[in-house]
Amino acid sequence: SLRAMTIVSSRTPIVFAVVAATGSPLDAFLSAFSRLLPKYGYEAVPIRLTDLLQEHVADANIAWRNEGDRIQKLMDAGDQFRENVRRTDAMALLAALGIQDARRNADPARSCAYVIRQLKHPDEVSTLRQIYGDRLFVLGLYSTFSERLKHLTEIRKVERTEAERL
C-alpha cells in the first residue's frame, strides 16, 4: 500500500518596502499590515534599517538624550553611511543583506514576506526593484505634516520645536 506523504512547500518570498516621512505612525500601520499577511499565507519578517545600520555600520556607541535626539542621530548615521560608500541606495543594499541573513535562518517551509522599515530615498526603491523584481511591493504611508507633528509630540514625546525640525 502507498502511504500518504505530506509535502511541505513554501511560496516564493516577497518583499514589502515601506516609504514614509519621519513622524508617520508606522508602528500602528505595520502592526495591522503584519496581522493581514497570514491570511494570504505569509509570515511577516520585519527588516528594520535602523537596527541593521547600528548592528553593521554605525558607531556602536551611538547614544541619545531623548527620542528626538535618537531619530536625528539615526538619520545622520544613515546619511553618513550613504556618503561614506558614495551610494544614495546604500540603505537598500543593507536591507538586502538583512533579508539574506533572515532567509538563511528561516524555516524553508515558511512562506515569508520581508517588510522593510523604512525607505527614504528614490534610489533605494530602484535598487530593490533591480534585486527583487516583481517580488517587491512598495507601500507609501502618507501623513500630513500636522499628523506627523502630533504623532511625534504626543506619542513619541518629542519636544515640539524638535519635532517641527525633524
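The rules behind each value
- Residues numbered from 1 in each chain as written.
- Predicted model: local features only at pLDDT ≥ 70, side-chain atom pairs only at ≥ 80, totals over all residues.
- Heavy atoms only, no water.
- Axes fitted to C-alpha atoms, helices over the stretch in contact; angles between N-to-C directions.
- Helix = DSSP H or I, 4+ residues; strand = E, 2+ residues; numbered from the N terminus.
- Parallel < 35°, antiparallel > 145°, perpendicular 65-115°, else oblique.
- Left-handed = near helix turned anticlockwise from the far one by under 90°.
- Contact = heavy atoms within 4.5 Å.
- Nonpolar A, V, L, I, M, F, W, Y, C, P; charged D, E, K, R; others polar.
- Pairing = 2+ DSSP bridges.

**A short note on the packing of helix 2 (residues 49-56) against helix 3 (residues 67-85)**
Step number 1: Following both chains from N to C, one finds helix 2 and helix 3 inclined at 65°, their axes separated by 10 Å at the closest point. With respect to helix 3, the element helix 2 is oriented roughly perpendicular. In this structure, helix 2 meets helix 3 at a crossing whose hand is left-handed. Residue-level contacts link Thr 50, Leu 53 and Gln 54 of helix 2 to Leu 74, Ala 77, Gly 78 and Phe 81 of helix 3.
Step number 2: Grouping the amino acids of the contact of helix 2 with helix 3 by side-chain chemistry returns four nonpolar, three polar and no charged.

**So, the sheet that holds strand 3 (residues 112-119)**
Step number 1: The parallel open sheet is built from four strands, whose spatial order is 2-3-1-4. Here the strands that pair on one side only, and so sit at the sheet edges, are strand 2 (43-48) and strand 4 (136-141). Across this sheet, the average inter-strand angle for adjacent strands is 25°, counted without regard to direction.
Step number 2: Pairing geometry for strand 1 (residues 14-20) and strand 4, over six bridges, is parallel. Residue pairing in the sheet places Ala 17 in a bridge with Val 138 of strand 4.
Step number 3: On the sheet, helix 5 (residues 122-132) packs against strand 1, strand 3 and strand 4 and is oriented at approximately 155° with respect to strand 4.

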